[in-house]
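Close look at the chain arrangement
These are the residues of each chain, in order.
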Amino acid sequence: MPDCIVTNHSQCSLTEYSIISDDNSLPNGLELNKYCIDNDDNTIYKGTTSAASGACEIAYGNSNRDEGILVFDITKSNVTTIVNPSNTTISSDSPTYVLFDCSYEDCLPTYGYIHFADDNKLFLCNSFGSTEVESVTDCNSSTLGQVKYDDANDFQICILDSGTVDGDGNISYTYSFKPVGNYGHYLIDANAGDATGTSKVTFAGEEYSSKRIIKTQTNVVAFSMKSNLKI
């Protein structure tokens, strides 16, 4: 997402390295209904008039509540739009999407999965960008935290459902797919069932070995960055 310099929470200008153009005559203000982030205070702004005026307002990151996981399309240079994957078609043959977890007066970049319902396609978003991927078919210890969509276009995440201890003290675990819905939270523990404490789980293309909170909402699954800072 383009970085911007903000004056009085009402004037937004894109920073020099956010502008990708050979035309120096183009205005560097934020365009109408497009977005940028002020990385000094982790706040996302929205353009309210034209790039020539640079007028803007706070869109996300100024609330003391959980605003959810936001999806932005940054395919076009200097132009960032917000996307609702439940009713939006994919923007191009090679789109680039980014995810932000906005909660409690902060918008932090995160990574996870997006399911575009109209196109029935799945995208992985992480620090390297976004890539179309195939959904998993089985839910087990090796696919923990991964996602699938079925023929009915249902979006689901693989979680650790329960554990059972037998008479000898051995623990067996049950994994299952759960529907991805609005404002769900799951604790994913890479070392569940591993006495050595050395297991790793791959989520959105990146490995981790600790407990992490995953946040879900319609058609989006991503790490809850604000909560995970406290684990």
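These remarks concern the structure in this document. This structure is a prediction, so every number in the text was calculated from the model and none was measured.

Conventions adopted
- Along each chain, residue indices are assigned from 1 in the same order as the chain's sequence is written.
- With the structure being a predicted model, the display of local features is reserved for residues of pLDDT at least 70 and the display and counting of side-chain atom pairs for 80 or more, all residues being used for whole-chain, interface and lining totals.
- Only hydrogens and water are set aside when side-chain values are computed; all heavy atoms of the structure are taken into account.
- Sulfur atoms of two cysteines make up a disulfide when they are within 2.5 Å.
- The rule is simple: take the accessible area with a 1.4 Å probe, protein chains only, and divide by the maximum for that residue type; under 20% is buried, over 50% is exposed, in between is partly exposed.
- What counts as a helix is a DSSP run of H or I of at least four residues, what counts as a strand is a run of E of at least two, and both are numbered from the N terminus.
- Classification of ring pairs uses Phe, Tyr and Trp, with its six-membered ring standing for Trp, and accepts pairs whose centres are within 6.5 Å; under 30 degrees between planes counts as stacked, over 60 as edge-to-face, and the remaining range as tilted.
- For this document, the term salt bridge refers to a Lys or Arg side-chain nitrogen within 4 Å of an Asp or Glu carboxyl oxygen.

**Description of the state of the cysteines**
Under the definition given, this model contains four disulfides. The disulfide partner of C102 is C107, and the gap between their sulfur atoms is 2.1 Å. Linking C102 and C107, the disulfide has an S-S dihedral of approximately 115° and is accordingly described as right-handed. This pair shows no difference in class: C102 is buried, exactly as C107 is. The disulfide that involves C139 links it to C158, with 2.1 Å between the sulfurs. Sign of the S-S torsion, about 85° for the bond between C139 and C158, identifies this disulfide as right-handed. On the criterion of sequence distance, the pair formed by C139 in the loop between β12 (129-133) and β13 (147-149) and C158 in strand β14 (residues 155-165) is long-range, its members being 19 residues apart. For C158, a relative accessible area of 0% puts it in the buried group.

**Considerations on the packing of aromatic side chains**
Taken as a whole and assessed by the stated rule, the structure comprises seven aromatic pairs. Ring plane angle 40° and centroid distance 5.0 Å describe the contact between Y97 and F116, whose orientation is recorded as tilted. Within this pair, whereas Y97 is found in strand β8 (residues 97-103), its partner F116 is found in strand β10 (residues 112-116), the two being separated by 19 residues in sequence. No difference in accessibility class separates Y97 from F116, as the two residues are buried. Relative to F123, the ring of Y97 has its centre 5.6 Å away and its plane inclined at 75°; by these criteria the two rings are edge-to-face.

**Side note on unusual backbone geometry**
In the Ramachandran plot, H9 falls in the positive-phi region, its phi being about 55° despite a non-glycine side chain. Of note, H9 is situated in the loop between β1 (4-7) and β2 (11-14). Residue H9 is classed as partly exposed on the basis of its relative accessible area, which comes to 49%. Backbone geometry places Y104, a non-glycine residue, at a positive phi of 50°. If you trace the backbone, Y104 turns up in the loop between β8 and β9 (107-110). The exposure class of Y104 is partly exposed, given its relative accessible area of 46%.

**Some remarks on the pattern of salt bridges**
Scanning the entire structure with this criterion turns up three salt bridges. D101 serves as the salt-bridge partner of K215, at 2.6 Å between the closest nitrogen and oxygen. Of the two residues, K215 sits in strand β19 (residues 211-217) while D101 sits in strand β8, which places them 114 residues apart along the sequence. The pair formed by K215 and D101 is uniform in burial state, with each residue classed as buried. Here D161 makes a salt bridge to K178, at a shortest N to O gap of 3.8 Å. Of the two residues, D161 is situated in strand β14 and K178 in strand β15 (residues 171-179); the sequence distance between them amounts to 17 residues. Judged by its relative accessible area of 27%, K178 falls in the partly exposed class.

Any link to function would need more than the numbers given here.
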